[in-house]
Amino acid sequence: MVVKQEGGTNPKPAQRFSKEAFLHWAAKLRSQEGEIHAVYEACGFGFSLQRQLSALGIQCRVVCPQKLDEQNKRVKTDGLDAKALCLKLGPLCSG
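Everything numeric here is computed off the predicted structure, so don't read it as measured data.

## Considerations on helix 1 (residues 19–33)
Its 15 residues give helix 1 an end-to-end C-alpha distance of 21 Å, which sits within 8% of 21 Å, the value for a rise of 1.5 Å per residue. Within helix 1, burial applies to F22, L23, A26 and L29. Take helix 1 and look down its axis: the buried residues cluster within an arc of 125°, on one side only. Looking at helix 1, the residues exposed on the side facing more than 90 degrees away from the buried face are E20, H24, S31 and Q32. Of the surrounding elements, those touching the buried residues of helix 1 are helix 2 (48–55). Phi turns positive one or two residues past the end of helix 1, at G34, with a value near 80°.

Take a look at the structure:
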């Protein structure tokens with residue numbers, strides 16, 4: 001699942017991509033919009049996705065899996081997790 005946020009606006013709704021389609025989409029964004037940041041939780045991709053995004057000129061961080069339901073709503077979906085990571089990315093990029 002992928003969530004896009006532009007500037008300080010609210011994140012867009014989550015979208016589902018295959019890995020190949022995501023890399024194509026990310027490359028297109030990079031060519032149109034300049035600086036792009038990405039974050040994902042460490043998973044089965046290992047660091048291959050991070051290396052592929054870096055090769056496209058996208059700054060990518062891989063973070064440890066974490067509890068993203070800080071309000072204990074007990075609702076867990078990939079889309080909600082993607083949005084939470086997107087919102088947490090801002091402080092990672094400014095430091």
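## Notes on the packing of helix 1 against helix 2
Two elements in contact, helix 1 and helix 2, have axes whose closest approach is 10 Å; the angle formed by their N-to-C orientations is 25°. Classified by the angle their axes make, helix 1 and helix 2 are roughly parallel. Remark: the crossing between helix 1 and helix 2 carries right-handed chirality. Counted together, K19, F22, L23 and A26 of helix 1 and S48, L49, Q52 and L53 of helix 2 form the full contact between these two elements. Tallied by class, residues from the contact of helix 1 with helix 2 come to 5 nonpolar, 2 polar and 1 charged.

Calculation criteria
Residues numbered from 1 in each chain as written. Predicted model: local features only at pLDDT ≥ 70, side-chain atom pairs only at ≥ 80, totals over all residues. Heavy atoms only, no water. Helix = DSSP H or I, 4+ residues; strand = E, 2+ residues; numbered from the N terminus. Expected span 1.5 Å × (residues − 1). Buried < 20%, exposed > 50% of the residue type's maximum accessible area, 1.4 Å probe, protein only. Arc of directions from axis to C-beta. Contact = heavy atoms within 4.5 Å. Axes fitted to C-alpha atoms, helices over the stretch in contact; angles between N-to-C directions. Parallel < 35°, antiparallel > 145°, perpendicular 65-115°, else oblique. Left-handed = near helix turned anticlockwise from the far one by under 90°. Nonpolar A, V, L, I, M, F, W, Y, C, P; charged D, E, K, R; others polar.

So far we have only geometry, and geometry alone does not tell us how the molecule works.
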